[in-house]
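Here are the chains, one letter per residue:
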Amino acid sequence: MDRIQEQNIIQKAGEYSLKLSKKTCSIYVAEADLEEFKEEIASNNCIYIISKKICQTRPEFILQILDVCRAYMGNAVILHTDNADSEIIEKADKCRIPVYICSGQIRASVMLQEVYELIRSSSDNEEKLEMLFQSVINRTFDSQGKVIFTAQQYGIDLETKNSVLILYNHEELNTEQFACLYMIVKDQIQKLLSKKLLMTSSGNEIILIVPYDDIAIDQLLDMITTEAKKTGLEINLFAGVGMPTRFVDKISDSYFQARRACKLQRVMDKKDRVQYFSKLGLYNLLFYVKDKTELRRFYTNMLGRLEEYDQLNDANLTETLSAYLENNCNSQMTAAALYIHRNTLRYRLERISTIIQEDLDDRLIDAEFIMAFMIKKYLKSIENLDIDE
């Protein structure tokens, strides 16, 4: 791309640059049927070339093309003209579509050669960045110094304190929706940090290596959600964050930690959109217990008699004990949470103590029951969840 810009044959006119997200690429001219263009653009990288005649006589048609590119995730528009309409450039930026200008004095055959060079350059860069990302995540590089140097050639800093951030939508997106989300994330990262990052996608996840101290993840999620709505894409994003590290060979650990944080996010049953590995607490320890039989045995020994009593007597003492522990054993707060009188709560707690044969004023006993409830939630959550790495 540098060679193209130095020759002044094709120049970027808008805010965005060409980024290829699919393996194949198609080039269309303005005379091509828009309906046909829509069908192709969903499965290929598509670049639309606007002829000199169209640029001069049908600016409204160019605006329609930009709308199609926005809706179907087209990759770029190239105007074969000496004077680009400012309204078109503004529209392209609003649609987040890269727009380039090729002088009307340049022959069409030469322009096409340079378009192919633009595609090749962009494709090569994306492929090299993907290889670099995979080598860091999988720890397959030979030299940390070489990885750091290579990243620097693309304006990426791997010497700062980095962590891995994984973004995923609550509901799985189709291919077109996910491709749109991926480009939005890329754009918003650039706006928020004004720097390039290593990123890729896997399944329904977007994976990034981010500077830990510089990024406000909640703000990033808000920015992405806002931009997605502008395109008609409704999303509900969540994030998992690995531990930060200044060492390239530890980024792989941060990646698996971020994955674990994402998987355990549902177990935590919290409203927070962002789950940090460092804040998983006891759930992270439970994750390492491969034999779930011991966890079930502990949970049954602690809560089995109480749950059995509830089933036989149509009672809810297990729920009462859980609320009591969640409210730090504060009777007034617990009664308010359960919408019952404090005397009713007192009677229930006495009944619970009798059934479990333990003193609820003993904080060590309380801690064991808190753990039992956490294990119960954990086991229930992983029944239909592939939680193992």
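Residues numbered from 1 in each chain as written. Predicted model: local features only at pLDDT ≥ 70, side-chain atom pairs only at ≥ 80, totals over all residues. Heavy atoms only, no water.

Trainee: Any chance you could break down the packing of helix 8 (residues 175–193) against helix 9 (residues 217–230) for me, citing the residues and the numbers?
Mentor: Helix packing geometry: the angle between the two helix axes and the distance between the axes. Where helix 8 contacts helix 9, the two axes come as close as 9 Å, and the packing angle between them is 130 degrees. One way to sum up the angle between helix 8 and helix 9 is to call them oblique. Along this stretch, helix 8 crosses helix 9, giving a crossing that reads as right-handed. Two secondary-structure elements touch here, helix 8 through Leu181, Ile184, Val185, Gln188, Ile189, Lys191 and Leu192 and helix 9 through Gln219, Leu220, Met223, Ile224, Glu227 and Ala228. Looking at the contact of helix 8 with helix 9 residue by residue, the class counts come to 9 nonpolar, 2 polar and 2 charged. (Axes fitted to C-alpha atoms, helices over the stretch in contact; angles between N-to-C directions. Helix = DSSP H or I, 4+ residues; strand = E, 2+ residues; numbered from the N terminus. Parallel < 35°, antiparallel > 145°, perpendicular 65-115°, else oblique. Left-handed = near helix turned anticlockwise from the far one by under 90°. Contact = heavy atoms within 4.5 Å. Nonpolar A, V, L, I, M, F, W, Y, C, P; charged D, E, K, R; others polar.)

Trainee: Before we move on, could you go through the pattern of salt bridges and cite the residues and values that matter?
Mentor: Summed over all chains, the structure comprises 9 salt bridges. Between arginine 139 and aspartate 253 there is a salt bridge, and its shortest N-O distance comes to 2.7 Å. Placement of arginine 139 in the loop between helix 6 (108–137) and helix 7 (144–153) and of aspartate 253 in helix 10 (residues 251–268) is noted, with a sequence separation of 114 residues between them. Taking the relative accessible area as the measure of exposure, aspartate 253 reaches 31% and is therefore partly exposed. Here aspartate 366 makes a salt bridge to arginine 363, at a shortest N to O gap of 2.6 Å. Of this pair, aspartate 366 and arginine 363 both sit in helix 16 (residues 363–381), 3 residues apart, which is roughly one turn of the helix. For aspartate 366, a relative accessible area of 2% corresponds to the buried category. (Salt bridge = Lys/Arg side-chain N within 4 Å of Asp/Glu carboxyl O. Buried < 20%, exposed > 50% of the residue type's maximum accessible area, 1.4 Å probe, protein only.)

Trainee: Just give me the short version of the environment of leucine 321, but keep the residues and values in it.
Mentor: Turning to its location among the elements, leucine 321 is positioned in helix 13 (residues 317–326). Here the alpha-carbon distance between leucine 321 and phenylalanine 369, two residues 48 residues apart in the chain, equals 8.8 Å. Here leucine 321 is in contact with Leu303, Leu306, Ile352, Leu360, Phe369 and Phe373, once residues within four sequence places are set aside.

Trainee: An account of the packing of aromatic side chains is needed here, citing residue identities and associated values.
Mentor: All told, the structure shown has 2 aromatic pairs when counted by the stated rule. Aromatic pair tyrosine 168 and phenylalanine 238: ring centres 5.9 Å apart, planes at 25 degrees, arrangement stacked. Within this pair, whereas tyrosine 168 is found in strand 6 (residues 162–169), its partner phenylalanine 238 is found in strand 9 (residues 237–241), the two being separated by 70 residues in sequence. Here arginine 58 stacks its cationic end above the ring of phenylalanine 61, 4.3 Å away from the centre of that ring. (Phe/Tyr/Trp six-rings, centres within 6.5 Å; stacked < 30°, edge-to-face > 60°. Lys NZ or Arg CZ within 6 Å of the ring centre and 35° of its normal.)

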